[in-house]
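# Breakdown of the fold
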Amino acid sequence: MQEIDILALANRHMAGAENVYLAPHIPAKKEANARKVHASHIPPDDPILVLYDDTVFGSAKVGYLMTPRGLYWKNIMEKPCLVEWRYLDADAIVSDGKNVQLAGGQIHFTQALDVAARTVDLIVKILRLVPESEEETGTGRCGYCDAVVEPGARRCPNCSAIL
């Protein structure tokens, strides 16, 4: 997954959302705390592109992170989790307004409930950037406008986004 693609989508879907920080404007202390929480499975060179802080006092020890590798999250009183983008199914991600359910796990939102729906939308858009198997469909989808994209295409035929 390309950093620039995730950041472009995050800027479109999450800009101005409460408690959401986008690279390169993630406060250093929040990033350090989040990396410490996820130290067992986040490589030091995996850049944090999106950080949602679900803590009352702003420590960022609970919430979620998006990197080119995948989606990391930590709920209150639970272990940190990771799911790589390639293992997520856009059709199986749902929100009830307080939680986002995905890949057998769940991200809880206690601070900024409006962020849950925006997060689902962002994740689905990111997943559409992950090419579907050509053996299955022969085509993929543009993560920006959702247009059908032929295998090997470098630009979306509808919006000209770089794929």
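Okay, so let's go over this structure. The structure displayed is predicted, hence computed values, not measured ones.

What counts and what doesn't
Residues numbered from 1 in each chain as written. Predicted model: local features only at pLDDT ≥ 70, side-chain atom pairs only at ≥ 80, totals over all residues. Heavy atoms only, no water. Helix = DSSP H or I, 4+ residues; strand = E, 2+ residues; numbered from the N terminus. Buried < 20%, exposed > 50% of the residue type's maximum accessible area, 1.4 Å probe, protein only. Pairing = 2+ DSSP bridges. Axes fitted to C-alpha atoms, helices over the stretch in contact; angles between N-to-C directions. Contact = heavy atoms within 4.5 Å. Salt bridge = Lys/Arg side-chain N within 4 Å of Asp/Glu carboxyl O.

### A look at unusual backbone geometry
Following A23, the chain continues into P24 via a peptide bond in cis, with omega recorded as 5°. Mapped onto the elements of the fold, P24 is located in the loop between β1 (20-22) and α2 (28-37). A positive phi angle, near 65°, is found at A60, a position not held by glycine. Here A60 shows up in the loop between β2 (50-53) and β3 (63-66). Exposure remark for A60: the relative accessible area of 7% places this residue in the buried category. Phi is positive for M77, which is not a glycine, with a value near 65°. Along the chain, M77 turns up in the loop between β4 (70-74) and β5 (81-84).

### What to know about the sheet that holds β1
Reading across from one edge, β1-β2-β3-β4-β5 is the order of the five strands in this open sheet, with antiparallel pairing throughout. The sheet is open, and its two borders are formed by β1 and β5, each paired with just one other strand. Mean inter-strand twist for the sheet, computed between neighbouring axes without regard to direction, equals 15°. Here α2 sits on the sheet and contacts β1, β2, β3 and β4; the angle it forms with β2, its principal contact strand, is near 90°. The strands touched by helix α3 (residues 114-127) are β1, β2, β3 and β4; relative to β3, the strand with the most contacts, the crossing angle is about 25°.

### A short note on the pattern of salt bridges
What the rule picks out here adds up to four salt bridges. Here R35 and E31 are joined by a salt bridge, their closest N and O atoms 3.1 Å apart. Here R35 and its partner E31 are both found in helix α2, four residues apart, which amounts to about one turn of the helix. Under the relative-accessibility criterion, R35 is labelled buried at 18%. The exposure class assigned to E31 is partly exposed, which follows from its relative accessible area of 24%. E84 serves as the salt-bridge partner of R86, at 2.8 Å between the closest nitrogen and oxygen. With a relative accessible area of 19%, E84 lands in the buried category. One connected set of salt bridges, linked through shared partners, spans R69, E84 and R86.

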